[in-house]
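Read off the chains here:
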Amino acid sequence: MSIRLDQTVPFGRSLREYESMFSLSAADRRSRILDCAAGPSSFNAELTAAGGDVRSIDPLYQFGGAEIQRQFFSTLDRVIEQVRATPQNWIWSYHRDPDDLRRNRIAVMEQFVADYSGGAGTGRYVCGALPNLPFGADRFDLALSSHFLFLYSDHFDAAFHLEAIRALLRVAREVRIFPLLALRAERSQHLDPVCEQLRREGHHCSIERVGYELQRGGNEMLRLRRA
Ligand SMILES: C[S@@+](CC[C@H](N)C(=O)[O-])C[C@H]1O[C@@H](n2cnc3c(N)ncnc32)[C@H](O)[C@@H]1O
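Residues numbered from 1 in each chain as written. Predicted model: local features only at pLDDT ≥ 70, side-chain atom pairs only at ≥ 80, totals over all residues. Heavy atoms only, no water.

Novice: I keep staring at the pattern of salt bridges and nothing clicks. Help me out?
Specialist: One pass over the full model with this rule turns up 22 salt bridges. Between glutamate 174 and arginine 176 there is a salt bridge, with its nearest N and O atoms 2.7 Å apart. Note on accessibility: glutamate 174 and arginine 176 belong to one class, buried. A salt bridge links arginine 225 to glutamate 174, with the nearest nitrogen and oxygen atoms 3.3 Å apart. One end of the pair, arginine 225, is in strand β7 (residues 220-225); the other, glutamate 174, is in strand β5 (residues 172-178), and 51 residues separate them in sequence. What makes arginine 225 partly exposed here is its relative accessible area of 37%. (Salt bridge = Lys/Arg side-chain N within 4 Å of Asp/Glu carboxyl O. Buried < 20%, exposed > 50% of the residue type's maximum accessible area, 1.4 Å probe, protein only. Helix = DSSP H or I, 4+ residues; strand = E, 2+ residues; numbered from the N terminus.)

Here it is in structure tokens:
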């Protein structure tokens, strides 16, 4: 077992991590992007500052920045301890070691909080939860979802994953999901049945190797294109 959690953890990743998790090109960075299950990631803050067009959605955005920060710090050390206790499950390339991971997660959280209330005011941070997305069809070119779908496969069943992915494909013609491992560091049990069903519906699904790996073996993303 890699990480044991009762609920999703409000940890966020940086723009540079998103770029390598999702193999983002310069053209992708200029497109209209939805970050779904965005949590306290600094992706929106950093890409907006660089001229990008990003909306983030997460049920966490029902809370203010101080409460999100409190929830983050209440889980941080427990997760880092579990990482230290399972050294065989982690690849230290982007982050140097568990201490560096801890520092980087705090830096991302601080960048998120600095951007959050202003960004929420202009509609860049939207409170909402899959499978219900309060956006019109084709509102985005690209939807990204990192560290929620497939990762929490023991908390959310295949039917939820299918409904969630169909919702993402309604608002964006292309969807990318990373990683494809569940928390127990094995490929999600929902991946094959969900892809088979989506292919039957005419959607295009491919599994692609990416340049990011923190969970050992977690270096693949799912790319979906609408039928
Ligand atoms: C581990 S965080 C990932 C944050 C960000 N995507 C990243 O990789 O940095 C997982 C997020 O999933 C969110 N979440 C939980 N249930 C959700 C749902 N039904 N729809 C969308 N997001 C959800 C949690 O609030 C949490 O912020």
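Anyway, onward from the coordinates.
Novice: Would you take a moment to explain the site of the ligand for this structure?
Specialist: Looking at the ligand, there are 19 residues lining it, with Arg13, Ala37, Asp58, Leu130 and Ser146 nearest. Serine 146 is positioned with one of its side-chain polar atoms (N or O) 2.4 Å from an oxygen atom of the ligand. Contact with the protein chains covers 93% of the free accessible surface of the ligand, which is 600 Å². Here the shell around the ligand is built from residues that sort into 11 nonpolar, six polar and two charged. (Near = heavy atom within 4 Å. Polar contact = N/O pair within 3.5 Å; in protein donor to acceptor, adjacent residues only side chain to side chain. Areas by Shrake-Rupley, 256 points an atom, 1.4 Å probe, with all protein chains shown as cover. Nonpolar A, V, L, I, M, F, W, Y, C, P; charged D, E, K, R; others polar.)

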